[in-house]
Amino acid sequence: MAEAKIAAFGESDIMLIFKAIGADVYPADSSAGTGDMEVKLKKIIKEGYGIIFMTETIAAGLDNTIKYYSNQVTPSIVVVPGLGRRNNYAVNQLRAAIIKAVGADMMAEESNKKEQE
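Residues numbered from 1 in each chain as written. Predicted model: local features only at pLDDT ≥ 70, side-chain atom pairs only at ≥ 80, totals over all residues. Heavy atoms only, no water.

Caption draft 1: Representation of the sheet that holds strand E4 (residues 76-80) within the structure. In spatial order, the strands read E2-E1-E3-E4; together these four strands make up an open sheet with parallel pairing. Looking along the sheet, the strands with just one partner apiece sit at the ends: strand E2 (24-27) and E4. Each strand of the sheet is rotated relative to its neighbour by a mean of 20 degrees, with strand direction disregarded. Across the sheet, helix H1 (residues 12-20) lies against strand E1 (5-10), E2, strand E3 (49-55) and E4, angled at about 175 degrees from E2, the strand it touches most. (Pairing = 2+ DSSP bridges. Helix = DSSP H or I, 4+ residues; strand = E, 2+ residues; numbered from the N terminus. Axes fitted to C-alpha atoms, helices over the stretch in contact; angles between N-to-C directions. Contact = heavy atoms within 4.5 Å.)

Structure (structure tokens):
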């Protein structure tokens, strides 16, 4: 069984973390246009990466593309929070994946428990 290639796509300040774990890094500027980011993402996908970590500031502009690939076997696109401003995109993606997997919003149930305490 071949190992999956791992890529990281996002702001350069967080890319060092992924480089340290052996991922191929693709720095991106969040101020670049969505079209440029989509072209870069599709190039990474065509290179055969099985797992692509992406910062949420980049992912927010590529939502339709990420949703398209979420229905494919590969690649697995994992959205992670960046070091800068947060927009909850990563948390919302995780919540959607949990709902899809278990059929319930487990994160909302946990939030309700904390509020009741």
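Caption draft 2: The arrangement of helix H4 (residues 63-70) in detail. Among all positions in H4, only Asp63, Thr65, Ile66 and Tyr69 are buried. Seen along its axis, H4 keeps its buried residues to an arc of 165 degrees; they face one direction. (Buried < 20%, exposed > 50% of the residue type's maximum accessible area, 1.4 Å probe, protein only. Arc of directions from axis to C-beta.)

Caption draft 3: Summary view of the pattern of salt bridges. Using the criterion set out here, one finds three salt bridges in the structure. Salt-bridge contacts for Glu38 lead to Lys42; the nearest nitrogen and oxygen are separated by 3.3 Å. Residue Glu38 and its partner Lys42 are both found in helix H2 (residues 34-46); the two are separated by four residues, about one turn of the helix. A residue is classified by how much of its surface remains accessible, and Glu38, at 25% relative accessible area, is partly exposed. Measuring nitrogen to oxygen at the nearest pair gives 3.9 Å for the salt bridge that ties Glu47 to Lys43. Note on Glu47: relative accessible area 31%, which makes it partly exposed. (Salt bridge = Lys/Arg side-chain N within 4 Å of Asp/Glu carboxyl O.)

Caption draft 4: Highlighting the nonpolar core. Counting 17 residues, the largest nonpolar core has Phe9, Leu41, Ile52, Met54, Ile58, Leu62 and Ile66 as the members making the most contacts within it. Mapped by element, the contributors of at least two residues to this core are E1, H2, E3, helix H3 (56-59), H4 and E4. Take this core: its biggest share by element is four residues, from H2. Leaving out residues up to four positions away in the same chain, Met54 has contacts with Phe9, Leu41, Ala59, Leu62, Ile66, Ile77, Val78, Val79 and Val80. (Core = buried A, V, L, I, M, F, W, Y, C linked by side-chain atoms within 4.5 Å.)

Caption draft 5: Geometry of unusual backbone geometry. Pro75 follows Thr74 through a cis peptide bond whose omega is 0 degrees. For Pro75, the position within the fold is in the loop between H4 and E4.

Everything listed is a geometric property; what it means functionally is a separate question.
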